[in-house]
Every structure is written in C-alpha cells, then in structure tokens.
Amino acid sequence: MKPNYISEGSEWTFELIERYDQAIGEIAAGFGLDTYPNQIEIIRSEQMMDAYASAGMPIGYQHWSYGKQFLNVEQDYRRGAMGLAYEIVINSNPCIAYLMEENTMTMQALVIAHACYGHNSFFKGNYLFRAWTEADSIIDYLLFAKNYIAECEERQGVPAVERLLDSCHALMNYGVDRYKRPCPLSFEEEKLAQQERAAYRQQQVNDLWRTIPTSEGFELEPALVGFPPEPEENLLYFIEKNAPNLEPWEREIVRIVRKIAQYFYPQRQTQVMNEGWATFWHYTLTNALYDQRRVNDGFMLEFLRAHAAVIYQPAFDSPHFSGINVYTLGFAMMQDIRRICEQPTAEDKAYFPDIAGSDWLATLNYAMRNFRDESFIEQFLSPKVIRDLALFNVLDNEHQTKLEISDIHDEAGYRAIRSLLASQYDLSNREPNIQVQKVDIKGDRSLTLRHIQAHGISLHDESKEVLKHLHRLWQFDVHLETVCDGTVITHQAYTNNDG
Amino acid sequence: MSYIVDRRLNARNKSTVNRQRFLRRYRQQIKRAVDSAVSDRSIKDIDRGEQVGLPREDMGEPVFRHGQGGIRNTIYPGNKEFAAGDRVERPSGGSGGGNASQDGEGDDEFIFQISQNEFLNVIFDELALPDLVRKSLQDIDAYKLVQGGFSNEGIPARLNVLRTMRSAQSRRLALSGGARRRLKEIEALLLEDDARSDPQYPLWLTERDRLKRRVSSIPFLDDFDLKYNLQLKQPIPSNQAVMFCVMDVSGSMDQARKDIAKRFFILLYLFLQRSYEKTEVVFIRHHTSAMEVDENAFFYSRETGGTIVSSALVLIDEIIKERYPPAQWNLYTAQASDGDNWQADSPRCSKILQESLLPLMNYYAYIEITPAAHQDLWLEYEKLLPAFPRNFALRQVEQAADIFMVFKDLFQRRKA
C-alpha cells in the first residue's frame, strides 16, 4: 500500500488535529464504537492545573479545598515531581476532552484515540454511567450548582456556606445511592424544582418533628416503628430530608454535594475498566492507522514509547511502586479477552468456555457494557494475566507476627487471586460500611450511625472529626457505634455539650 | 462529528478565587511563615514571593475511612521468589512516621508558594496601610506612552491625517504621473483644428479612454497610505535614591524592638524602590559612636553602653559629602531608637538636623519604639517640626501598625 501520511512532523495544527480525529473516528466507527459527539478543547498547562483542581469539573463552585488542590498540583508540577496528564475527559454530551497545548502531534493523536473514542464510548456504553449519570444535563447542573452556591454566599456570607460545604464534603462518599436511581433534570427544570422543593421539604421535616398530638389521637408507637424504618446508607440524602433545623438553602447545598458525588460514583467504580478500555482502543486504533500507512515509523515509535510509559507496572519491591496501575491491569485484561476470543488455548477453554473462540468485538463490548471493576475482574481475569503480572496475595493479620503469602500465580492460586483482586476493587470493601441506624424522634433527637465492622478493621481516628461535621448538619447529638457480629463493640459520640 | 475549540486564550486563573479562599482560611499560619521570612530576609530581598509550609494535619479534610489493624488481603504485582504459604517479616517503617521536613520537602508538610503580591499583602496587613498606598507599592507601573514616530499599523484613533494624505498623494503621483502627462498631450492633439482628419484620430480616442480609465482606477486612498502615530512605552524617568537606616543598638534595644524597626525600614525601602530606579541602602548603627555596617551586623549584633545619637548624624553627613552628592541623589533617612540619648547630646542632634541634614533630605522619618514617656531627643526633634513640615516626621511606636503614620505624608505627597 502506498503511504498516505497525515503528518510527518511533531508540530500539531488545528487542521491536522481535525484530520487525525476524522481518520481515527472512521476506524473507530469501523470497530462499531458508539460515541457521543466530541468537543476537543485545546488548553494550556495552567488551565490543565485548573481542571485538575476542580476534579475535572468544567464548572465548579468555589471552595477553599479546590484552592488547596490547585496549590498542591502547581507545586508538584513546578518541582517536576509530576507531569500533567495528557488529557482530561468529561462524561458529558458532547463529550469534552481537554488536550494540552504542549503535546506533540503524536500525543494529540494518542489522546484523541484514548479520550475521544475510548473513554467516550465507555461513558456512553457502560451500564453504571447509563444508569447513574446524565451526560446531557451534567454541565447544566454544575452551572446551576455554581450559581446557586454563589447566591447563597451573597445572602448568607461566605463563611457560613464554606462551613456547610466542609461538612458536606466530609460525608461526600456517603452521599450516594447505591441502588435507587436518581432522575435527571436540566438547569431550568432544576431551578423550578428547587424552589418547589424548598417549600415542600420544610413542610415534610416539620411533619416528622411535630410533637403536638394529632386530633385523631391515633399514632403509631414510635418505639415499634422506629425511624428510619430501614437503615439508610445515603447519609447526605438522609440529612437533606430529615435534619431538623437546616434552612432550605442548606438542604439544597447538601443536595448539590450529594448529586455531584453521585455523578462521580460510577467513575470510582470503573477505574480499571475505563482506563483499560481507553488504553486498549488507543492502542488498537493507532495500530490500525499504522497498518493503513496513515502514520509513519517516527510517529509509531513515539506512540509506543508513550504507551509503554502509561502501562508501566513497577514490581511491589520497586521504589516506584504505588499500587497496581489500573492502566496496566485494564489494558492487559482487554488485550487478553481479545486473545482468548481469537486464539484460545486449552487453559482458556477450561476457564472461559463461554467466550473462548467467540467474536472478540462482541465479547469485549459485552464486557464493557455490563460490568464494573469488581465483577469485571471476577469474570474475566485469566490465569495468563495473573502469570504475566506475577500477582500474589499478602495476608496481613494483626494477630500474627508475620505476613503470609497466601496465594501466588499458580494453578492453586488463580481463583483465589481473582476473587481477592476483585474484592479489592469493590468500593464497599474499600470504605467502611456506615449507615443511619436510628433517630430518637420522641426524645433528644439524637442520630445514631452504625458501622458494621468487617475483617476486624477498625475506623480511622479521623472519624471523630467527621462526627463533628455530621453534628454541624444534624445539630443534635450524634452517635457512631461499631458493630461486630451483632454486638456493639465501640461507641463514640459528639454531643451538644462537646460543641 | 467533532468540534475543536481553542481555549488557550480563555481566562487562565479559574482557580484564583479558590486559592484566595485557601489563603484566607490559613491566614494565621501563613502570617507566621511571612513573619519569620521578614526577620530572616535581607531588606533588599523583601519583595519576592515566599515558600510556605503548613502542617498537613492542620488542613485535612476528614472522611470516614479504615484505620489500622484487622485482617487484610492485598494483591501485589511482580512476584519473584515467593511460594504459597511463605511467611515474611512485616516491612519495618513502611507505614507511619512520615519523612522529616528539614528541607521543606517532606510528606508531613503542605508546601506552596505565595506570590510577591500575596507576600506583601500579609506584611501590609500588619502595617495597616490604606488600600491606595498598598496598591501603589505593589504595582510597578512606572511607564508612560510617548510619541515615537509613525507606523503603518495602528488603531483608527491614532490615524495621522497629514502623513496619510501626503503618502496618498505621492502614491497617486507616482502611479499616474506618466499617464496624466500623456493624457494631456492627447487631449491637446484632439483639440487641434485638423485633428479629426488625422489618420491617427481613432487611435487617440481609444488611447484617451484607456488613459482616463487608468487614472480613475487609482484610488484616492489606499490601505498602505494609512499612517498612524506610534506610541512607545517608556519608563518614567526616575533617578536614584539612597536610604540611611539609623538604629540605636545600645543594650536597651531588644530583638522585638529591632523587629519593629526592621519593618519600618522595609516600608521605606519598598517605597523608594517603587519610586526610584536605583536605591541604595546605608546601615548606620550607633551607641556612643556610630559605624557603617552591613545588614546582618546591623540587625543582629548586640552592643552595650550609652547612647550618643549625634555621632550617627555626623556620620550621615560625612557619607553624603563623600559618596552621595545631593544634586544626584535623593536622600532619605529612617531613624529608629528607643528614645534614650545622652542628655547633653539632644540639642546637638537637633542642631545638626536643622543645619545640615534636613535641608538636604527628601524625607526624614524618626520612630521611637517605646511605650514610655518621651525623652529629650523627642522633645528636641519636635521643635523642628514647624520648620520642616514637609520632609520631617516622627512618631512613637508601640506596635507595627503604628509605623505607617510616620510615612503618611510621604505617601500622600506621592499621590498628588
């Protein structure tokens, strides 16, 4: 085939970006990648640091913690301790990808393949994102949030809003629904709904806390029913709906924080898959470009160097080791699924009878759409990947003086390692399980949280500080009890007297 | 379908507000860092940013998370020699006990840089400067625009009509001169009596039309005729100043007082540096005799004994005569003392000031750092005030915020 290079130099231009995007887009469509439209934005490194500081939200409300984050990034970047990511991509429709001005043409092409076709199709296809995030309305919602909070700051003063946000942020990880589905609204609808909510909510709260007996004289015995009737895992939701003394604007801000937490929740559950998918596709798409002779050898060498850096996994005893690289693991698994489909070995047929020898594109698509990290690893981590990465499990039991290597990458260990690694990516294992247990409605209005202890791992001392924040929101005594095997083993509290 | 947007020109400092909020929240800690920087730094070095380190635990954002202990499984990559069932020692010191932070690079500290403006702001906060003065000290805006010839590019408001018309005319002449001359000739020929019978007549007619078209096709004004006035940025001509820092180093001046004095000197220095291109600082310390020293010795060496202020004033006078001719230098003096002076010396000081120093000085500021009642020196100085209302100021100072009042006139005059 005659070479038809899109570019040969390392300088990028808007025209070249357009041509690469078009070429990559065509190949991606050939593989059946279903994407949102792309909005590619070229930014400078300072803007990239801004984007970092706001957790990638293109529009964020003002808060000191983002300033801290910014200073941190800036300092690391200046010291050279950290390179900036080549891109940031936002789960929205159109899908916004930031490309850094400093990148070479090759890097821009890699990033386009990675973000604009890899991540983009993942956002559009994965069930968690489909169920939990609204790509169409997120930008609108962030805008609403920013304006609303700015308005509150004007009316209530910055310090009051800042304190409230501090408290909400402390509970942000407990501001997500793990099962119920939220409903999407656009900016205008959200604004209208917000006004209705403010009025309605106050009335509901008042009903809950009404202490005057009703004229009917008929009331359920609170001790029998209890409140809440079922333990509530979404602490911020519970506070928004039930905290006795919050002002309407405070409830709305609690809601904003939990909405944003909810928006990021799928990302936290799909790091391996999301990065693995995007890395797999930038690798596959760029190689297809090379096969069509649209890019030259120089391009490919630079690309491979960058790709190798992205998927580099230092061993556990290397000074550079900082956990398992999600890019490495994800890419290895995606590549491996393709291999199992295309060239299955006897081992693959034994472990994966369903997919060995099947159509790789369909299988990979199915995996991308219907799993999250935990279930993806449980389903698809093959003995070959375990061997390639030489994975092993360390059992750390505080009652024993030594660590035990319980399983390694051998026939006896594959299944154990697969399950252990899967549970390592299960958010419910990574965060303590804490739920609202009860509220003393008729008495001192105290709120009790229950921490269900797993594997004998206790709560970090920081919990005391979090209780302070919880108390600021609830405004009556708060208790936190740790339960192991049905019995309460520790109890801590933050009461009105402590404040 | 993709949209490609160039955002590089968008506002860069989206995080500015967040950054300011962060700085405000940790104001106390930052102030401590700045304070220690002020006492460590040389005066001439004062106007840079500063690296600030805050203890991490002070600024944590707590969340519910797992603590130590329990039973945990962790998967690691890169197994080399382990077999299932092996037992290994816990790695020592792997967790807990962060790195020390001697060089400000440890893990226990959150290090960041504050800018020069932010640094000055913190200093000024304590000095209670009015906003206007703050601003003029922070901004380096010593430029003015001057007429600097002409340019082919510019904005319509700067169009130079005369030059433009002149250039248009010469262009028209250059481009159409030959054609016009020929046109005149032909028109003269056509007017001759026997023109119509000339065999060339039709040719003349067509040539006349062609020439007319040619001439009229040359525009009256063309893009490249436009001339604009060119404005150049020129630094405001400024000259040089010398600042004499005079401090009593007798035993009664303790470190706290010296720190206040240092801020006093810093403020004058910043002012001079903004106003003059070149600022020199001369440090003179005195007890019973005066001596010119370097900055370090000035602030940090202790002497004992009595105090004779006039010795320093005489020394200033000598230095001026020797090195800083008043015709070429703007002279400023900042004197700090605790008010003690040998009794018989005060009238002498007053005399030196009145006769030789004050007439030369742009500004002479004196602070007495003491909560006690005034003594001789102050009383003598006070008598000079009516004679030199514009360039002499004195003030009793107990804390840093009082310092600014000494310079009030100075800053006000600058605004005018």
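Reading the values: the criteria
- Once a new chain begins, its residue numbering starts again from 1 and follows that chain's sequence as written.
- Think of it this way: whatever chain is written first is A, whatever ligand is written first is 1, and the rest follow in order.
- Note on the predicted model: pLDDT of at least 70 is required for a residue's local features to be given, and 80 or more for side-chain atom pairs to be given and counted; whole-chain, interface and lining totals, by contrast, use all residues.
- In this description a helix means any DSSP run of H or I spanning at least four residues, a strand means any run of E spanning at least two, and both kinds are numbered starting from the N terminus.
- Using C-beta atoms placed from the backbone, we call a residue buried if 20 or more other C-beta atoms fall within 10 Å of its own, exposed if 12 or fewer do, and partly exposed for counts in between.
- A pair of residues counts as a contact when their C-beta atoms, built from backbone coordinates, are within 7 Å of each other.
- Strands are treated as partners if at least two bridges between them are detected by DSSP.
- The axes used here are C-alpha line fits, helices contributing only the stretch in contact, and every angle between their N-to-C directions lies in the interval 0 to 180 degrees.
- An angle below 35 degrees is read as roughly parallel, one above 145 as roughly antiparallel, one from 65 to 115 as roughly perpendicular, and any other as oblique.
- The hand of a helix crossing depends on one turn: near helix anticlockwise from the far one by less than a right angle means left-handed, and clockwise means right-handed.
- Gly is put with the polar residues, along with every residue not named as nonpolar or charged; the nonpolar set is Ala, Val, Leu, Ile, Met, Phe, Trp, Tyr, Cys and Pro, and the charged set is Asp, Glu, Lys and Arg.
- By convention, orient the strands away from the viewer: a clockwise path from the first strand over the helix to the second makes the crossover right-handed.
- pLDDT expresses, on a scale from 0 to 100, how confident the predictor is about each individual residue.
- How far each domain reaches was decided by an automatic or database domain assignment.
- In this analysis, the expected span of each helix is defined as 1.5 Å times one less than the number of residues it contains.
- To get the bend at any residue, fit one axis to the seven residues that end at it and another to the seven that begin at it, then take the angle between the two axes.
- Buried Ala, Val, Leu, Ile, Met, Phe, Trp, Tyr and Cys residues whose C-beta atoms connect them within 7 Å together make up a nonpolar core.
- Note that the arc is computed from the directions linking the helix axis to the C-beta atoms.

Run through the overall build of chain A, naming residues and quoting values.
Broken down by element type, chain A carries 21 helices and nine strands. Put simply, chain A has 499 residues, and 43% of those count as buried. For chain A, long-range pairs separated by at least 24 residues make up 72% of all intrachain contacts whose partners lie at least 6 apart in sequence.

Residue-level account of the overall build of chain B, with values.
Regarding its fold elements, chain B presents 12 helices and 13 strands. Here chain B holds 416 residues, and the buried ones make up 28% of them. Restricting the contact set of chain B to residue pairs at least 6 apart, pairs at least 24 apart contribute 81%.

Help me get a handle on the sheet that holds strand β4 (residues 87-89) of chain B, residues and values and all.
Judged by pairing direction, the sheet is antiparallel, and its four strands sit side by side in the order β3(B)-β4(A)-β5(A)-β4(B) without closing on themselves. Lying at the two open borders of the sheet, with one neighbouring strand each, are β3 (71-76) and β4 of chain B. Strand-to-strand, the axes of this sheet are offset by a mean angle of 30°, without reference to chain direction. Both strand β5 (residues 402-407) of chain A and β4 of chain B contribute to a ladder of three bridges, which runs antiparallel. When the bridges of β4 of chain B are listed, Leu403 of chain A appears paired with Val88 of chain B.

Tell me about the environment of Leu16 of chain A, residues and numbers included.
Residue and element names in this part refer to chain A. Assignment of secondary structure puts Leu16 in helix α1 (residues 14-30). With 16 C-beta atoms counted inside 10 Å, the residue Leu16 sits in the partly exposed group. For the pair formed by Leu16 and Ile355, sequence separation is 339 residues and the distance between their alpha carbons is 39 Å. Leaving out residues up to four positions away in the same chain, Leu16 has contacts with Ile6, Ser7 and Met105.

Let's hear about the sheet that holds strand β13 (residues 392-397) of chain B: which residues, and what values?
Residue and element names in this part refer to chain B. Strand order in the open sheet formed by six strands is β10-β9-β8-β11-β12-β13, with mixed pairing between adjacent strands. In this open sheet, the two edge strands, each paired with only one partner strand, are β10 (290-293) and β13. Looking at each pair of strands side by side, their axes are set apart by 20° on average, direction ignored. By the bridge criterion, nine bridges tie strand β8 (residues 240-248) to strand β9 (residues 278-286) in an arrangement that is parallel. Considered in β9, the bridge of Cys245 is made with Phe283.

Lay out the packing of helix α4 (residues 105-125) of chain A against helix α12 (residues 271-291) of chain A in plain terms, naming residues and giving numbers.
Residue and element names in this part refer to chain A. Across the interface, α4 lies against α12 with an axial gap of 8 Å and an inter-helix angle of 130°. Considering their axes alone, α4 and α12 lie oblique with respect to each other. As α4 packs across α12, the resulting crossing turns out to be right-handed. In this structure, α4 uses Ala109, Leu110, Ala113, His114, Ala115, Tyr117, Gly118, His119 and Phe122 to contact α12, whose residues at the interface are Asn274, Trp277, Ala278, Thr279, Trp281, His282, Leu285 and Thr286. When the residues that make up the contact of α4 with α12 are grouped by side-chain class, the tally is 10 nonpolar, seven polar and no charged.

How would you explain the pairing of β8 of chain B if you had to name every residue and give the values?
Residue and element names in this part refer to chain B. Counting buried positions along β8 yields eight of nine residues, so the element is predominantly enclosed. With helix α7 (residues 255-275) bridging β8 and its parallel neighbour β9, the resulting β-α-β unit is right-handed. Here β8 runs beside strand β11 (residues 329-337); their pairing, made up of eight bridges, is parallel. The residue bridging Gln240 from the neighbouring strand is Trp329, located in β11.

Residue-level account of the interface of chain A and chain B, with values.
One widely used convention gives an interface's size as the accessible area the parts lose upon coming together. Between chain A and chain B, the residue contacts involve 78 residues of the former and 49 residues of the latter. If you tally residues by element for the side of chain A that touches chain B, the top one is helix α3 (residues 64-79) of chain A, at eight residues. Here the side of chain A that touches chain B is composed, by residue class, of 36 nonpolar, 23 polar and 19 charged. For strand β4 (residues 392-397) of chain A and β3 of chain B, the ladder comprises six bridges, and the chain directions are antiparallel. Bridging across to β3 of chain B, Asn397 of chain A finds its partner in Ile71 of chain B.

Describe the confidence of the model for chain B, with residues and values.
Counting all residues, the mean pLDDT for chain B is 79, and 86% of those residues have values of 70 or more. Here residues 93-106 of chain B is a poorly scored stretch, pLDDT under 50, and it has 14 contacts once near neighbours within four places are set aside; other chains count.

Summarise the domain arrangement of chain B; cite the residues concerned and give the values.
Residues and elements named next belong to chain B. Along its sequence, chain B is organised into domain 1 (10-61 + 106-123), domain 2 (156-231) and domain 3 (241-410). Placing the centre of domain 1 and that of domain 3 at their C-alpha centroids yields a distance of 32 Å. Contact with domain 1, which involves seven residues of that partner, is made by 10 residues of domain 3. Looking at the side of domain 1 that touches domain 3 residue by residue, the class counts come to three nonpolar, two polar and two charged.

Describe helix α11 (residues 248-269) of chain A, listing the residues and the values that go with them.
All names here are of chain A. Taking 1.5 Å per residue, 22 residues should reach 32 Å; α11 reaches 32 Å between its end C-alpha atoms and fits that length. Of all the bends found along α11, the most pronounced is centred on Tyr263 and spans about 30°, while Pro266, a proline, follows it within four residues. In terms of residue burial, α11 counts as a mostly covered element, since 17 of its 22 residues are buried.

Which residues make up the nonpolar core, and what are the values?
Within the largest apolar cluster, 153 residues are counted, with the highest numbers of intra-cluster contacts made by Ile24, Ala97, Ile112, Cys168, Leu236, Ile253 and Val257 of chain A. Considering each element in turn, this core owes the most residues, 12 residues, to α4 of chain A. Residue contacts for Ala97 of chain A: discarding those within four places in its chain leaves Asn38, Ile40, Glu41, Glu87, Val89, Ala115 and Cys116 of chain A. The next biggest cluster of nonpolar side chains, apart from the first, holds 57 residues, and it includes Phe244, Cys245, Tyr332 and Phe407 of chain B.

Which residues make up unusual backbone geometry, and what values do they have?
Residue and element names in this part refer to chain A. Residue Asn93 is joined to Pro94 through a cis peptide bond whose omega torsion reads 0°. By secondary structure assignment, the location of Pro94 is in the loop between β2 (87-90) and β3 (95-100). The phi dihedral of Arg293 is positive, around 60°, even though this residue is not glycine. Of note, Arg293 is situated in the loop between α12 and α13 (297-310). Look at Arg293 and you get exposed, because 12 C-beta atoms sit within 10 Å. Positive phi values are uncommon outside glycine, yet Ala390 reaches one of about 50°. By secondary structure assignment, the location of Ala390 is in the loop between α18 (383-389) and β4.

Quick rundown of the packing of α12 of chain A against helix α14 (residues 326-342) of chain A? Include the residues and the values.
Residue and element names in this part refer to chain A. It is the contact of α12 with α14, at a shortest axis distance of 7 Å, that shows an interaxial angle of 65°. In this structure, α12 crosses over α14, and the sense of that crossing is right-handed. Facing Gln271, Val272, Met273, Glu275, Gly276, Trp277, Thr279 and Phe280 of α12, the residues of α14 in contact are Val326, Tyr327, Leu329, Gly330, Phe331, Met333, Met334 and Gln335.

Requested: an account of the pairing of β5 of chain A, with residues and values cited.
All names here are of chain A. Relative to β5, β4 is paired through three bridges, and the arrangement is antiparallel. Among the inter-strand pairings, Leu395 is bridged to a residue of β5, identified as Glu404. Between β4 and the antiparallel strand that follows it, β5, lie four residues.

Tell me about the environment of Ser358 of chain A, residues and numbers included.
Residue and element names in this part refer to chain A. Locating Ser358 in the fold gives a position in the loop between α15 (346-351) and α16 (360-370). Sequence spacing of Ser358 and Glu374 is 16 residues, and the spatial spacing of their C-alpha atoms is 23 Å. Beyond its immediate stretch of four places on either side in the chain, Ser358 contacts Cys341 and Thr363.

Residues and numbers for helix α11 (residues 376-384) of chain B, please.
Residues and elements named next belong to chain B. All buried positions along α11 are accounted for by Leu377, Glu380 and Tyr381. Viewed along the axis of α11, the buried residues span an arc of 100°, placing them on a single side of the element. Among the exposed residues of α11, those pointing more than 90 degrees away from its buried face are Leu379, Glu382 and Lys383. In this structure, the buried side of α11 is in contact with α10 (345-357), β12 (363-369) and β13.

Give a detailed account of the confidence of the model for chain A, specifying residues and quantitative values.
Per-residue confidence for chain A averages 86 on the pLDDT scale, and 90% of its residues sit at or above 70. Predicted confidence for residues 214-224 of chain A stays below pLDDT 50, and this span has six contacts to residues more than four positions away or in other chains.

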